[in-house]
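Listed here are the chains, written in short residue letters.
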Amino acid sequence: AQTVTQSQPEMSVQEAETVTLSCTYDTSESNYYLFWYKQPPSRQMILVIRQEAYKQQNATENRFSVNFQKAAKSFSLKISDSQLGDTAMYFCAFIWWGSRLTFGEGTQLTVNP
Amino acid sequence: EPEVTQTPSHQVTQMGQEVILRCVPISNHLYFYWYRQILGQKVEFLVSFYNNEISEKSEIFDDQFSVERPDGSNFTLKIRSTKLEDSAMYFCASRGTGMAYNEQFFGPGTRLTVL
């Protein structure tokens, strides 16, 4: 069974600074996808960034980037130039070829002005 | 941009009542999912649905739950006799096919409150 672990329940960062959220996972599969979802107070689930396990290059989406270490089974999210609108719960998630998404416990990120 | 929609946004019901949560997936998607999130907890998988049948379900998805695609657009989750512990946010998701479309798109959720 796949598991996803986020060891930081809460984090805070000053506006315009950089913050990194950690995620580790466990799987015996070699082909899978990893995601970071953002959940603001509205509780809508918004996809932030995705990474295909077969790609060595780390994914980047504007201010969001990941550090994907396949051997270490680590998938961290870096948010650069943090904005107040980045305040949300962030979930790391794993999926293996269209099966269920498995989520981590979440990290509550607060961006302070 | 196409999106998944869910109705109602908030449902309040009495314990023991039946509820039906509705979802309209993205029109060309073929795989459908229900997840739930109890307040303050992680998002949990309930069930996946493809080709008019359940393809996978979790241990949470017991006989009180059922899913249906009654027509070409709606995807519903029915809880036959609600319990207090069914209070949660319920998310519908859908995805297309092929490796490039392994991404699941989430609806805005239905908040279910069981009194």
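Residues numbered from 1 in each chain as written. Chains lettered and ligands numbered in written order. Predicted model: local features only at pLDDT ≥ 70, side-chain atom pairs only at ≥ 80, totals over all residues. Heavy atoms only, no water.

### A closer look at the interface of chain B and chain A
Logical step 1: If you look at the interface, chain B gives 25 residues, while chain A gives 22 residues.
Logical step 2: For the interface between chain B and chain A, the tally reads two salt bridges.
Logical step 3: Of the charged contacts, one joins Arg100 of chain A and Glu56 of chain B as a salt bridge, the two residues approaching to 2.9 Å between their closest N and O atoms.
Logical step 4: Scanning the region where chain B abuts chain A turns up eight residue pairs in polar contact (both at pLDDT 80 or more).
Logical step 5: When the residues that make up the side of chain B that touches chain A are grouped by side-chain class, the tally is 12 nonpolar, seven polar and six charged. (Contact = heavy atoms within 4.5 Å. Salt bridge = Lys/Arg side-chain N within 4 Å of Asp/Glu carboxyl O. Polar contact = N/O pair within 3.5 Å; in protein donor to acceptor, adjacent residues only side chain to side chain. Nonpolar A, V, L, I, M, F, W, Y, C, P; charged D, E, K, R; others polar.)

### Some remarks on unusual backbone geometry
Logical step 1: With an omega of -10°, the peptide bond running from Thr7 of chain B to Pro8 of chain B counts as cis.
Logical step 2: With respect to the helices and strands, the residue Pro8 of chain B is situated in the loop between β1 (5-7) and β2 (10-13).
Logical step 3: Although it is not a glycine, Ala16 of chain A sits at a positive phi angle of roughly 80°.
Logical step 4: The residue Ala16 of chain A is located in the loop between β2 (10-14) and β3 (19-21) in this model.
Logical step 5: A positive phi angle, close to 65°, is found at Asn52 of chain B, a residue other than glycine.
Logical step 6: On the secondary structure map, Asn52 of chain B appears in the loop between β5 (44-50) and β6 (53-57). (Helix = DSSP H or I, 4+ residues; strand = E, 2+ residues; numbered from the N terminus.)

### Structural notes on the environment of Met15 of chain B
Logical step 1: Counting through the fold element by element, Met15 of chain B comes out in the loop between β2 and β3 (19-24).
Logical step 2: Those residues in contact with Met15 of chain B that lie beyond four places of it in its chain are Thr82, Lys83, Leu84, Val114 and Leu115 of chain B.

### What to know about the pairing of β3 of chain B
Residue and element names in this part refer to chain B.
Logical step 1: Alternating positions in β3 separate cleanly, Val19, Leu21 and Cys23 being buried on one face and Ile20, Arg22 and Val24 remaining unburied on the opposite face.
Logical step 2: Bridge analysis of β1 against β3 gives three bridges, and the strand direction is antiparallel. Paired with Thr7 across the bridge in β3 is Arg22.
Logical step 3: Bridging between β3 and strand β8 (residues 75-79) involves five bridges; their strand directions are antiparallel. Across the sheet, the residue bridging to Cys23 is Phe75, located in β8. (Buried < 20%, exposed > 50% of the residue type's maximum accessible area, 1.4 Å probe, protein only. Pairing = 2+ DSSP bridges.)

### Quick word on the sheet that holds strand β7 (residues 65-68) of chain B
All names here are of chain B.
Logical step 1: The strand order across the open sheet built from four strands is β1-β3-β8-β7, with neighbouring strands paired in antiparallel fashion. The open sheet is flanked by β1 and β7, the only strands paired with a single partner. Direction aside, neighbouring strands of the sheet carry axes that sit 20° apart on average. (Axes fitted to C-alpha atoms, helices over the stretch in contact; angles between N-to-C directions.)

### A look at the environment of Ser87 of chain B
Residues and elements named next belong to chain B.
Logical step 1: Tracing the chain through its elements places Ser87 in the loop between β8 and β9 (88-95).
Logical step 2: Overall, Ser87 belongs to the partly exposed group, its relative accessible area being 22%.
Logical step 3: Sequence separation between Ser87 and Leu46 is 41 residues; the distance between their C-alpha atoms is 14 Å.
Logical step 4: If near-sequence neighbours (up to four positions away) are discounted, Ser87 is found in contact with Ile38, Leu112, Thr113 and Val114.

### Some words on the side chain of Glu52 of chain A
All names here are of chain A.
Logical step 1: Tracing the chain through its elements places Glu52 in strand β6 (residues 46-52).
Logical step 2: There is a polar contact of 3.3 Å between the side chain of Glu52 and the side chain of Arg50.
Logical step 3: Residue contacts for Glu52: discarding those within four places in its chain leaves Tyr32, Tyr33 and Phe68.

### Observations regarding the packing of aromatic side chains
Residue and element names in this part refer to chain A.
Logical step 1: Going through the model one piece at a time under the given rule, you end up with 21 aromatic pairs over all chains.
Logical step 2: Residues Phe35 and Tyr37 carry aromatic rings whose centres are separated by 6.0 Å and whose planes lie at 40° to one another, so their mutual orientation is tilted.
Logical step 3: Since its relative accessible area comes to 0%, Phe35 is described here as buried.
Logical step 4: By relative accessible area, which is 1% here, Tyr37 ends up buried. (Phe/Tyr/Trp six-rings, centres within 6.5 Å; stacked < 30°, edge-to-face > 60°.)

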